[in-house]
Each structure stands twice: as C-alpha cells, then as structure tokens.
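# An overview of the molecular structure
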Amino acid sequence: MADDPAGVISRGSLSIDHEAYLTVSITKLDTRRTLPAMDQILGWPLIRVLAEQHGQTLVKCLVNQQLDLLRKAQQPCEPVQFAANVEQHIHGYLSPSLRKVFNLTGTVLHTNLGRAPLPEEAIQAMCDVSRGASNLEFDLGKGKRGDRDSHVEQWLCRLTGAEAATVVNNNAAAVLLTLNTLAKGKEVLVSRGELVEIGGAFRVPDIMRRAQAKLHEVGTTNRTHRRDYDEAISQRTGLLMTIHTSNYVIQGFTASVAEHELAESAHAHGLPYAVDLGSGSLIDMRQWGLPYEPTPMDSLRDGADLVTFSGDKLLGGPQAGIIVGKRELIEKLKKNPLKRALRCDKVTLAALEAVLRLYASPETLSQRLPALRWLSRPHLDITAQVERLLPAMRQWAGDRATVSSVAVMGQIGSGSLPIERLPSEAIAFTPAGPARSANRQLRELQRALLNMPVPVVGRIHDSRLLLDLRCLDEEQQLIDQLARDKST
Ligand SMILES: *Cc1c(COP(=O)(O)O)cnc(C)c1O
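As the structure is a prediction and not an experimental result, all values here were calculated from the model. (Residues numbered from 1 in each chain as written. Predicted model: local features only at pLDDT ≥ 70, side-chain atom pairs only at ≥ 80, totals over all residues. Heavy atoms only, no water.)

### Looking at the sheet that holds strand β17 (residues 464-468)
- Spatially, the 4 strands line up as an open sheet ordered β13-β14-β17-β16, and their pairing is antiparallel. Each edge of the open sheet is held by one strand with a lone partner, namely β13 (401-410) and β16 (459-461). Strand-to-strand twist of the sheet, defined as the mean angle between neighbouring strand axes without regard to direction, takes the value 35°.
- Bridging between strand β14 (residues 422-431) and β17 involves 4 bridges; their strand directions are antiparallel. Each bridged residue has a counterpart across the sheet, and for Ala428 the counterpart in β17 is Leu466.
- Most of the contacts of helix α19 (residues 379-397) go to β14, to which it runs at about 15°, and overall it touches β13, β14 and β17.
- In this fold helix α20 (residues 438-450) packs onto β13, β14, β16 and β17, with an angle of close to 30° to the strand it touches most, β17. (Pairing = 2+ DSSP bridges. Helix = DSSP H or I, 4+ residues; strand = E, 2+ residues; numbered from the N terminus. Axes fitted to C-alpha atoms, helices over the stretch in contact; angles between N-to-C directions. Contact = heavy atoms within 4.5 Å.)

### Focus on the pairing of strand β10 (residues 273-278)
- Most of β10 sits out of view: 6 of its 6 residues are buried.
- By the alternation rule, side chains of β10 split into Tyr273, Val275 and Leu277 and Ala274, Asp276 and Gly278, which are all buried.
- Two elements, strand β9 (residues 237-243) and β10, share 4 bridges in a ladder whose sense is parallel. Bridge pairing in β10 links Met241 to Ala274.
- Read from β9 through helix α12 (residues 259-268) to β10, the crossover connection turns out right-handed.
- The pairing of β10 with strand β11 (residues 306-310) spans 4 bridges and is classified as parallel. By the bridge assignment, Asp276 is partnered in β11 with Thr308.
- Where the polypeptide runs from β10 across helix α13 (residues 296-301) and back to β11, its parallel neighbour, the crossover connection is right-handed. (Buried < 20%, exposed > 50% of the residue type's maximum accessible area, 1.4 Å probe, protein only. Right-handed = clockwise from strand over helix to strand, strands pointing away.)

### So, the side chain of His151
- When you line up the elements, His151 lands in helix α8 (residues 150-160).
- Within polar-contact distance, the side chain of His151 engages the backbone oxygen of Leu136 at 2.9 Å. (Polar contact = N/O pair within 3.5 Å; in protein donor to acceptor, adjacent residues only side chain to side chain.)

### Brief notes about the nonpolar core
- Judged by nonpolar contacts, the single largest core of 62 residues is most densely connected at Leu240 and Val324.
- Counting contributing residues per domain, this core is built from domain 2 (102-109 + 374-484) and domain 3 (120-363), each supplying no fewer than three.
- When near neighbours in sequence (up to four residues on either side) are disregarded, Leu240 contacts Leu189, Tyr229, Ile233, Leu262, Ser265, Ala266, Leu271, Pro272, Tyr273 and Ala274.
- With 31 residues, the next largest nonpolar core counts Ala173, Leu182, Val188 and Val190 among its residues. (Core = buried A, V, L, I, M, F, W, Y, C linked by side-chain atoms within 4.5 Å. Domains from an automatic or database assignment.)

### Some points on the layout of surface pockets
- Computed from the structure, the largest pocket encloses a volume of approximately 830 Å³.
- In terms of lining residues, the largest pocket is bounded by 28 residues, among which Lys100, Val101, Leu113, Pro117 and Trp374 are the most central.
- Contributions of two or more residues to the lining of the largest pocket are made by β1 (102-103), α7 (120-131) and α18 (370-375).
- Top element by residues in the lining of the largest pocket is α18. It accounts for 3 residues.
- In the lining of the largest pocket, the residues fall into 17 nonpolar, 3 polar and 8 charged. (1 Å grid on protein atoms, 1.4 Å probe; cavity = no way out; pocket = protein on both sides within 12 Å on 5 of 7 lines; lining within 4 Å. Points joined across faces, edges and corners; volume = space filled by probe spheres on them. Nonpolar A, V, L, I, M, F, W, Y, C, P; charged D, E, K, R; others polar.)

### Thoughts on the domain arrangement of the protein
- The domains assigned to the protein are domain 1 (17-94), domain 2 (102-109 + 374-484) and domain 3 (120-363).
- Distance between the C-alpha centres of domain 1 and domain 3: 57 Å.

### As for the side chain of Asp298
- Mapping Asp298 onto the fold places it in helix α13.
- The exposure class of Asp298 is buried, given its relative accessible area of 17%.
- Within polar-contact distance, the side chain of Asp298 engages the side chain of Tyr292 at 2.6 Å.

### Regarding the site of the ligand
- Looking at the ligand, the residues that line it are Arg115, Asn170, Asn171, Ala172, Ile198, Phe202, His244, Ser246, Asp276, Gly278, Ser310 and Lys313.
- In this structure, an oxygen atom belonging to the ligand sits 2.6 Å away from a side-chain N or O atom of Ser310.
- Contact distances for the ligand include 2.8 Å between an oxygen atom and a side-chain N or O atom of Lys313.
- When the ligand is considered free in solution it has 380 Å² of accessible area, and contact with the protein chains removes 94% of it.
- Of the residues that constitute the shell around the ligand, the class distribution is 3 nonpolar, 6 polar and 3 charged. (Near = heavy atom within 4 Å. Areas by Shrake-Rupley, 256 points an atom, 1.4 Å probe, with all protein chains shown as cover.)

### As for the packing of aromatic side chains
- Inspection of every chain in the model, using the stated rule, returns 2 aromatic pairs.
- With a centroid separation of 5.9 Å and an interplanar angle of 85°, the aromatic rings of Trp44 and Phe82 are classed as edge-to-face. Taken together, the residues Trp44 in the loop between α3 (38-42) and α4 (45-54) and Phe82 in helix α6 (residues 79-94) connect sequence positions 38 residues apart. Each member of the pair Trp44 and Phe82 is classed as buried.
- Between the aromatic rings of Trp396 and Phe429, the centroid separation amounts to 5.9 Å while the plane-to-plane angle is 85°, which identifies the pairing as edge-to-face. Taken as a pair, Trp396 in helix α19 and Phe429 in strand β14 lie far apart in primary sequence, 33 residues in all.
- Residue classification places Trp396 among the buried positions, given a relative accessible area of 3%.
- Take Phe429: its relative accessible area is 0%, and that puts it in the buried class. (Phe/Tyr/Trp six-rings, centres within 6.5 Å; stacked < 30°, edge-to-face > 60°.)

### Section: the sheet that holds β10
- Overall, mixed pairing links the 7 strands, which are arranged β4-β12-β11-β10-β9-β5-β8 in an open sheet. Two strands bound the open sheet, and with one partner strand each, they are β4 (164-168) and β8 (214-218). Shown here is a sheet whose adjacent strand axes are inclined to one another by a mean of 25°, direction ignored.
- Across 5 bridges, β4 lies against strand β12 (residues 321-325) in antiparallel orientation. In the strand pairing of β12, Val168 is matched with Gly321.

### Digging into the environment of Gln235
- For Gln235, the location among the structural elements is in the loop between α11 (226-232) and β9.
- Looking at Gln235, the relative accessible area reads 80%, which means it is exposed.

Following this line, the structure appears as structure tokens:
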C-alpha cells in the first residue's frame with residue numbers, strides 16, 4: 001500500500017473511492033493462487049465503469065479473454081492492470097477494421113485500396129437511400145412495382161447509345177452472366193492472345209467453366225486471324241467474344257481481328273458477339289493528356305451485341321459490372337436466375353446513378369469526378385504540394401532518413417492501360433544508416449506510416465520509401481497527423 005492508490009487508479013475522468021480500492025486490493029492478495037470469479041470482477045469499480053459505457057455483454061467477453069490469458073500464463077490477477085488490459089482490448093475490439101487510408105502509392109485506381117474514390121454527389125445519394133425507404137423497385141409514375149435497373153439504365157443508354165443496359169455486382173459477374181446466358185452448354189470462341197487473368201483470380205478459362213460454357217481457343221498467342229474464327233464456327237458455337245487484354249500487351253509480330261470483322265463473322269452465322277472491355281471509359285481520355293482507352297461506344301458502333309465493363313475503373317464510380325447492348329439480349333440476361341444472385345444493392349445503384357449524371361456535363365467532369373481529377377492532375381500542382389509537405393515530412397522523419405522530392409512514374413491501375421505511366425512527383429525517404437540496415441529501416445518507416453490514425457500507404461522502390469502525392473486531397477490532415485505522431 002506504499003503507492004498512492006488514487007494516483008494509480010485514476011484513469012482519465014475516472015476516480016474511485018477508497019473503500020472500493022480496498023476490496024480490489026484484498027482480491028489481489030487472495031488471487032495469487034486462484035483467479036477471481038466473474039461476478040467479483042464485474043463488481044470492481046473500473047470494470048463497472050466499462051460495463052456502463054459498453055454494456056455487460058462485451059465487458060464479460062473481454063474479461064473472460066483476459067482470464068484465459070492469465071490462466072494460460074499461470075499468472076495472478078493484478079486488478080488495476082487487469083482492468084487496464086480489458087479497457088485496451090475493448091478499444092481494439094471496437095475499432096473499425098475497414099477504414100480510410102491515404103493512397104500515396106501512385107496507383108490511382110488501386111484495387112487493394114478500393115479503386116475509384118466517389119464524388120460528393122454519389123456519397124450524398126448513398127446516404128439518402130440508406131437512411132430509409134426508396135423507390136428502388138417501385139415505379140412512381142405508374143404507382144406499381146418497378147425495375148431496380150431502371151435508375152441507371154436510361155443513363156447508360158443515353159451515354160453509350162445502347163438500346164438497353166443492366167448492372168450486376170462487378171464486371172466479373174457481368175462476364176459470368178453474359179457467358180451463362182448466351183453460351184450455356186455451347187462453345188465460346190476466344191483468341192489465345194486474350195485468355196487473361198485479372199488480379200484476384202479472375203481467369204477467363206475458369207469463368208467459362210463456372211458459366212457452363214466451353215472455351216474454344218482460336219489462333220495463337222501472338223497472331224489470330226479472321227479465318228481462325230470462321231473455321232472454328234460450328235453447330236456447337238454459342239458466342240464470339242473479344243476480351244480486352246487490360247493488364248498486358250502483346251508486342252512484336254502480332255495480329256488480331258478488328259471488332260467489326262468479328263461482329264460480321266458472328267452475325268453471318270446468326271451468333272451474338274460480346275466484348276469484355278474491363279475498364280471501358282465513357283469519354284475520350286486524350287483530352288486530359290491520358291492515353292486512349294477503348295469505349296463501349298466504339299464496340300457498339302463496330303457491331304458488338306453486348307459490352308461489359310467495370311463501374312469502379314476508369315468510369316470512376318462504385319463497384320459494379322455494367323452490361324450494355326441489344327435489348328433482346330439484355331432481356332435474356334435479366335431473366336436468368338443468376339441475375340438475381342448477382343444484382344446490385346440500392347446503395348451501389350444510387351452511387352452509380354449520381355456518377356453517370358456527372359457525365360451529362362463532360363466539361364466539368366475532370367473537376368467533379370475525383371478519379372479523373374487525380375488522373376488528370378497537372379504535374380506542377382503535385383510538385384507544389386510536395387514542396388509544401390517536405391518540411392513536415394523532414395520533421396517527422398528526424399534522423400531516421402533524408403527526405404527529398406523526386407520525379408516518379410505512377411499508374412492508372414486496375415489493369416487499365418497497362419504500359420502507360422503517369423509522370424508524378426513523390427517524397428522520397430532514404431534511410432540514414434549504413435546500407436546493410438537500409439532494408440530494415442525502410443520497413444520500420446513503412447510500419448510507422450501504416451500505424452498512423454489514418455494509415456499512409458506508400459511504396460518501396462530502389463531502396464527508398466516513396467510517397468507519390470498525386471492522390472492526396474486532405475493535405476492538412478496528413479500534416480497534422482505527422483506532427484502528432486510519436487513514432488520518432
Ligand atoms: C478488371 C477486369 C475484369 C473484372 O472486373 P471487376 O470489376 O474487377 O470484377 C474483367 N475483365 C477485364 C478485361 C478486366 O480488365
């Protein structure tokens with residue numbers, strides 16, 4: 001009892017009466033051999049306060065956890081420490097797992113970091129439909145049941161010129177639904193050069209099998225001709241398909257068949273022709289100095305009957321798989337029971353509609369759509385931001401690393417435009433110590449950045465830690481958390 005009990009026990013706003021502390025101390029003496037019972041622990045003032053804040057259920061659960069730990073370690077229960085552990089674990093237990101980070105990787109549409117950031121209009125629309133009832137499947141004009149796709153279908157038709165459209169959970173689902181609806185039990189002709197694997201186990205041959213379609217490869221890896229398709233067409237054929245090789249390019253002695261030729265071949269045999277674009281931009285990206293990416297409009301003009309693309313790649317919207325094309329085929333897709341299993345929820349539809357609405361005014365798109373704003377951000381703008389952040393970064397790094405600005409190449413990401421690179425500017429941390437410990441120091445710096453309240457995700461390249469500022473909007477928030485960080 002030498003140390004002041006109140007001094008030890010007063011934690012934050014919590015104060016404790018002396019009598020209660022005596023109970024705690026006696027318990028402590030008694031439990032050198034056996035651990036206290038749950039009821040007893042729940043009576044401790046510190047634990048009682050936690051139970052008032054978070055409820056008995058959670059507190060009991062974490063008390064049990066702590067007791068288990070002590071039992072395993074064969075350690076006595078020290079009440080003050082015990083309560084502190086329980087409190088700490090409650091915070092860990094309740095802190096969200098999925099949360100915001102700073103994407104300073106230089107990859108704008110980073111699949112692991114959630115791809116496209118959404119515009120305010122979309123966020124507002126998501127909140128509005130989430131809070132209560134909506135006309136999700138209710139036609140307000142007719143006063144009866146409606147179609148959930150209708151909210152985005154008219155926009156997709158307006159923007160792409162398609163007859164009809166539908167949406168599902170993501171583009172992988174769009175491809176699955178297309179294959180299963182048009183080619184179940186039949187052959188799908190695809191060029192050998194287009195059998196792509198997209199990150200996260202989307203592989204064309206696997207999707208075909210799951211869709212109960214049979215992949216019929218035509219041509220060779222580097223060269224496929226129209227006659228390869230024509231010779232492969234038979235009674236068994238259900239569909240001709242082009243798959244955009246979004247994350248690789250085949251260079252050198254190559255040949256592929258133009259979409260309008262494939263459409264002709266398919267239609268000559270009364271077969272449908274589908275194009276999986278992957279990214280599929282709705283506008284010509286060259287006006288912002290970005291490379292050209294094929295659009296659904298191109299494919300439809302060339303005679304594709306269905307075109308599939310992602311909602312959260314270059315389109316800059318929520319995760320979704322968009323299918324546009326011939327009304328008759330879209331109707332078939334909608335009748336497939338798989339559509340019901342793959343459909344989008346109201347939150348996604350609300351966000352997608354809001355994003356598509358922005359495309360009605362292409363003049364303001366590069367300012368209002370965050371993904372496009374980042375992609376088209378002027379180099380000088382990024383360089384100026386790097387200069388503004390250097391002092392805070394140097395202060396934060398202290399003597400752990402030298403900090404400088406460096407020209408880097410970023411990426412669009414999500415397999416869009418695989419070889420094109422985005423010239424950008426980064427803050428580079430070069431470890432201060434000897435070369436042999438550089439790797440460990442880099443890892444430590446990376447760890448310190450990831451441990452921040454809003455984790456900072458950069459990349460390690462050429463023995464330096466790089467923070468590409470292209471996608472940094474909340475500059476002051478980053479500066480503030482660097483200033484508050486205690487990792488040095
Ligand atoms: C990205 C991509 C897909 C998968 O799209 P998700 O929206 O990620 O499901 C399918 N095909 C191609 C060609 C792609 O680039």
